[in-house]
Amino acid sequence: MRRRDFITGIAAFTVMPLAALAQEPGRIYRLAIVTPSPRQAPAATALFDELRRKGFSEGQNLAVIPDGFEADYEHIAELAAALVKVAPDAIIAGPAVALRALQALTHIPLIGMSEDMVAEGVVTSLARPSGNITGISMLSPELDTKRQEILIEAVPGAHKIAAMADANAAPEYHLQALEHAARSRGVELSVFRVGGPGEIRSAIDAAKASGAEALNFLATPLFSVPGSQNNRVVLDRVAAVRLPAIFQFPETAEAGALAGYGSRITDLYRQRARITVQVLRGAKPADIPVQQPDKFELVINLKAAKAIGVEVPATLVARADKLIDE
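Everything quoted here is computed from the prediction, not taken from an experiment.

### Section: the packing of aromatic side chains
(1) Moving on: Tallied over the entire structure, the rule returns 5 aromatic pairs.
(2) Moving on: For the pair Phe48 and Phe69, a centre-to-centre distance of 6.5 Å together with 50 degrees between the ring planes defines the contact as tilted. Here the residue Phe48 occupies a position in helix α2 (residues 42-53), and Phe69 occupies one in the loop between β2 (62-64) and α3 (76-86), the gap between them amounting to 21 residues.
(3) Moving on: For Phe69, a relative accessible area of 6% gives the class buried.
(4) Moving on: Taking 5.3 Å as the distance between ring centres and 75 degrees as the angle between the ring planes, the aromatic pair formed by Phe217 and Phe223 counts as edge-to-face.
(5) Moving on: An aromatic cluster of three or more residues is present, and its members are Phe217, Phe223 and Phe247.
(6) Moving on: Across from the ring centre of Tyr269, 4.9 Å away, lies the NZ or CZ of Arg272, which sits over that ring.

### Examining the nonpolar core
(1) Moving on: Judged by nonpolar contacts, the single largest core of 32 residues is most densely connected at Val155, Ile161, Leu298, Ile300, Val312 and Leu316.
(2) Moving on: If you list the elements that add at least two residues to this core, you get α5 (140-154), β6 (160-166), α6 (172-184), β7 (188-194), β10 (259-262), β11 (297-301), α12 (302-307) and α13 (314-319).
(3) Moving on: Top element by residues in this core is α5. It accounts for 5 residues.
(4) Moving on: The contacts of Val312, once residues within four sequence positions are left out, are Ala154, Leu258, Ile300, Leu302, Ala305 and Val317.
(5) Moving on: Listed in part, the 29 residues of the second largest apolar core include Ile33, Ile111, Met113 and Phe249.

### Here we look at the sheet that holds strand β8 (residues 215-217)
(1) Moving on: Pairing in this open sheet of 7 strands is mixed, and the strands run β7-β6-β8-β9-β10-β11-β12 from one edge to the other. Of all the strands in the sheet, the pair left with one neighbour each is β7 and β12 (322-324). Averaged over all adjacent pairs, the angle separating strand axes in this sheet is 20 degrees, with direction ignored.
(2) Moving on: Contacting β6, β7 and β8, helix α7 (residues 200-209) runs over the sheet at an angle of about 165 degrees to β7.

### Here's the deal with the confidence of the model for the chain
(1) Moving on: When pLDDT is averaged along the chain, the result is 90, and 93% of the positions lie at 70 or above.
(2) Moving on: Taken together, the stretch residues 1-8 has pLDDT below 50 and engages in 10 contacts with residues farther than four places along the chain or on a different chain.

### Details of the pairing of strand β5 (residues 133-137)
(1) Moving on: The buried count for β5 comes to 5 of 5 residues, which makes it a mostly enclosed element.
(2) Moving on: Strand direction decides the pairing type here: strand β4 (residues 110-114) and β5, joined by 5 bridges, are parallel. Bridging across to β5, Ile111 finds its partner in Thr134.

### Brief notes about the packing of α2 against helix α11 (residues 265-280)
The geometry of a pair of packed helices is captured by two quantities: the angle between their axes and the separation between those axes.
(1) Moving on: Between α2 and α11, the least distance of the axes is 8 Å, while the angle of their chain directions is 35 degrees. Read as a crossing pair, α2 and α11 show a hand that is right-handed. On the side of α2, the interface is formed by Pro42, Ala43, Ala44, Ala46, Leu47, Asp49, Glu50, Leu51 and Arg53, while α11 contributes Ile265, Thr266, Tyr269, Arg270, Arg272, Ala273, Arg274, Thr276 and Val277.
(2) Moving on: Of the residues belonging to the contact of α2 with α11, the class tally is 10 nonpolar, 2 polar and 6 charged.

### Things to note about the pattern of salt bridges
Pairs can form between side chains of opposite charge whenever their charged atoms are close.
(1) Moving on: Throughout the structure, instances matching the rule amount to 16 salt bridges.
(2) Moving on: We note a salt bridge from Arg270 to Glu50, for which the minimum N-O separation is 2.8 Å. Linking Arg270 in helix α11 with Glu50 in helix α2, this pair joins segments that are 220 residues apart in sequence.
(3) Moving on: Judged by its relative accessible area of 6%, Glu50 is buried.
(4) Moving on: Between Glu254 and Lys322 there is a salt bridge, and its shortest N-O distance comes to 2.9 Å. Of the two residues, Glu254 is situated in helix α10 (residues 250-254) and Lys322 in strand β12; the sequence distance between them amounts to 68 residues.

Conventions used here
- Residues numbered from 1 in each chain as written.
- Predicted model: local features only at pLDDT ≥ 70, side-chain atom pairs only at ≥ 80, totals over all residues.
- Heavy atoms only, no water.
- Phe/Tyr/Trp six-rings, centres within 6.5 Å; stacked < 30°, edge-to-face > 60°.
- Helix = DSSP H or I, 4+ residues; strand = E, 2+ residues; numbered from the N terminus.
- Buried < 20%, exposed > 50% of the residue type's maximum accessible area, 1.4 Å probe, protein only.
- Lys NZ or Arg CZ within 6 Å of the ring centre and 35° of its normal.
- Core = buried A, V, L, I, M, F, W, Y, C linked by side-chain atoms within 4.5 Å.
- Contact = heavy atoms within 4.5 Å.
- Pairing = 2+ DSSP bridges.
- Axes fitted to C-alpha atoms, helices over the stretch in contact; angles between N-to-C directions.
- pLDDT = per-residue confidence, 0-100.
- Left-handed = near helix turned anticlockwise from the far one by under 90°.
- Nonpolar A, V, L, I, M, F, W, Y, C, P; charged D, E, K, R; others polar.
- Salt bridge = Lys/Arg side-chain N within 4 Å of Asp/Glu carboxyl O.

Here's what the structure looks like:
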């Protein structure tokens, strides 16, 4: 998004009347959304569908600030300040970098989604989040390890794999745990830290040049959000270097990666919508426990495997919740 378009959109929205403090008939609720996904992405569609099902319909009693989609997290401070100035009734945001930027500026209720909300310092505890943030903590450290195990099983002849990590988000203790888990399986793990979107292609190329035989893209919006520009770049480059790769969302396997394991992003966005409804109806974020995903899906793309010359073991194929083979 161009900066001029962003500021124009925000300015236009500020002329709308301020919302009342209490829920009342005829009220227009105003919602801001900060996400790397485009407005037309399936995740956003699921979010708005769930809001509509719960009584909040865009164009009727819900007005959505238009400029938080495809958010540029490298300029999150500017975006956060502009959204806070508009003073919506609630802001759906994530990952932690966006939540911290917003929390530093406002007491507006924030419905977040990040990799590990407690470890990232976004909330004090899952049961009692305190402050103005609640939402979904995605169990990402545990699931990154699980995805690594699946990747090793999917490529049984691999002796060296690479973990592709967000340099601004992946804590050192988590990377060390992954390295230890890989060693216990007789596999050497190399970590490639990616500082931003402009480094994605070169990091994948560096992993390939190092001799990595498979890639584990650790949980972060930098790589993983289905339909985002960064995710398309990742998939194109992985296909070009012909390496098997696993991601945190099943939808990414459906889009062309070898495998995806975790909760569907569309399900998570519906879950966020239900939390948002509680907030719009008057609940305080501090009184809403942070939720965690409870449904996980393994998708294996056999078509992608054939294209790069990988034969996925039958034992893993049998455990997949969904196979892509055409």
